[in-house]
Amino acid sequence: MSSLLLERCADRPVRRLAPGDELVRQGDGAHEMFVLVDGHLEVVRDGTTIAAITDPGVVVGEIAFLLGTEPGATVRAVDDTTVHVVDDPMSFLADDPAVIAEIARVLARRLDRLSAYLADVKTQYADAGGNLGLLDTVLSELAFGEQAPVEAGSERDPDPRY
């Protein structure tokens, strides 16, 4: 929870969402950020729910904005939800270094949790053979390697519908 972000967004517009309303759509070109006031959001990537957001002050949409990419996931309301709308994220960040530091802390906490999970998964499958034996290499590259742009698809499914 970030009371700092809620405080800094107090004068920003509010958007209210009903259950099922989409706040962000995966692949959409929008670059707004949002700060949760109350309610419950779910994050869905390629049809799989990957996170639930219920803590007031959590920022949404920051990854796409910071990376300059389209949103990598859909974020939708599970319950009646209220968010503050940050329609000009660059100004929001540039005008207040404390906001930048808070968002950096949030992202660092997420990375720390994912790194701990990565270490656990690598330990569990360290001695696995076959495709599971590649898990260590793949996860390390994903977590810490230089990332080239990725095109959706595979040999098995060259034209996925996501």
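Residues numbered from 1 in each chain as written. Predicted model: local features only at pLDDT ≥ 70, side-chain atom pairs only at ≥ 80, totals over all residues. Heavy atoms only, no water.

## Some words on the overall build of the protein
Part 1: Scanning the protein from N- to C-terminus turns up six helices and eight strands.
Part 2: Its helices and strands in sequence order give the protein the pattern α-β-β-β-β-β-β-α-β-β-α-α-α-α, from N to C terminus.
Part 3: Pairs at least 24 apart in sequence give 76% of the contacts found in the protein among residues at least 6 apart.
Part 4: Carbon together with sulfur atoms contributes 53% to the accessible area of the protein, which is approximately 10,400 Å² in total. (Helix = DSSP H or I, 4+ residues; strand = E, 2+ residues; numbered from the N terminus. Contact = heavy atoms within 4.5 Å. Areas by Shrake-Rupley, 256 points an atom, 1.4 Å probe, with all protein chains shown as cover.)

## Brief notes about the pattern of salt bridges
Where charged atoms of side chains with opposite charge meet at close range, the side chains can pair.
Part 1: Taken as a whole and assessed by the stated rule, the structure comprises eight salt bridges.
Part 2: R8 serves as the salt-bridge partner of D96, at 2.3 Å between the closest nitrogen and oxygen. Linking D96 in the loop between helix 3 (89–94) and helix 4 (97–124) with R8 in helix 1 (residues 3–8), this pair joins segments that are 88 residues apart in sequence.
Part 3: The salt bridge involving R25 is made with E22; its shortest N-O contact spans 2.9 Å. (Salt bridge = Lys/Arg side-chain N within 4 Å of Asp/Glu carboxyl O.)

## Concerning the side chain of E42
Part 1: Turning to its location among the elements, E42 is positioned in strand 4 (residues 41–45).
Part 2: A distance of 2.7 Å separates polar atoms of two side chains, one belonging to E42 and the other to R76.
Part 3: Setting aside chain neighbours within four positions, we find E42 in contact with T49, A51, T74, V75, R76 and V78. (Polar contact = N/O pair within 3.5 Å; in protein donor to acceptor, adjacent residues only side chain to side chain.)

## A few points about helix 4
Part 1: In a regular helix each residue adds 1.5 Å, so 28 residues correspond to 40 Å; helix 4 covers 41 Å between its end C-alpha atoms and thus fits that length.
Part 2: Those residues of helix 4 that fall on the buried side of the exposure criterion are V99, E102, I103, V106, L118 and V121. (Expected span 1.5 Å × (residues − 1). Buried < 20%, exposed > 50% of the residue type's maximum accessible area, 1.4 Å probe, protein only.)

## Quick look at the sheet that holds strand 5 (residues 48–53)
Part 1: On the basis of which strands lie adjacent, the open sheet formed by four strands has the order 2-7-4-5 and antiparallel pairing. Looking at the sheet topology across the chains shown, the edges are occupied by strand 2 (22–24) and strand 5. Put simply, the sheet's adjacent strands are angled 30° from each other on average, direction ignored.
Part 2: Bridging between strand 4 and strand 5 involves five bridges; their strand directions are antiparallel. The residue bridging V43 from the neighbouring strand is A51, located in strand 5. (Pairing = 2+ DSSP bridges. Axes fitted to C-alpha atoms, helices over the stretch in contact; angles between N-to-C directions.)

## Here's the deal with the sheet that holds strand 3 (residues 33–38)
Part 1: The strand order across the open sheet built from four strands is 1-8-3-6, with neighbouring strands paired in antiparallel fashion. Strands with a single pairing partner mark the edges of an open sheet, and in this sheet they are strand 1 (14–17) and strand 6 (59–60).
Part 2: Bridging between strand 1 and strand 8 (residues 81–86) involves four bridges; their strand directions are antiparallel. Within strand 8, the residue paired with R16 across the bridge is T82.

## Let's talk about the nonpolar core
Part 1: Grouped together as the largest cluster of nonpolar side chains are 15 residues, with contacts concentrated most on L23, F34, L41, I53, V60 and V75.
Part 2: The next biggest cluster of nonpolar side chains, apart from the first, holds eleven residues, and it includes F65, V86, V99 and I103. (Core = buried A, V, L, I, M, F, W, Y, C linked by side-chain atoms within 4.5 Å.)

## Quick notes on unusual backbone geometry
For residues besides glycine, phi is generally negative; the peptide bonds are generally trans as well.
Part 1: Positive phi is not limited to glycine here, since D46 has a value of about 50°.
Part 2: Of note, D46 is situated in the loop between strand 4 and strand 5.

## Some remarks on the confidence of the model for the protein
Part 1: Averaged over every residue, the pLDDT of the protein is 85; residues scoring 70 or more account for 80%.
Part 2: Mean pLDDT across the secondary structure elements of the protein bottoms out at helix 5 (residues 130–133), with 66, and peaks at strand 1, with 98. (pLDDT = per-residue confidence, 0-100.)

## Section: the pairing of strand 8
Part 1: Extensive coverage of strand 8 is indicated by the burial of six of its six residues.
Part 2: Of the two faces of strand 8, the one carrying T81, V83 and V85 and the one carrying T82, H84 and V86 are both buried.
Part 3: The sheet contact formed by strand 3 and strand 8 spans five bridges and is antiparallel. Counterpart to L36 in the pairing with strand 8 is V83.

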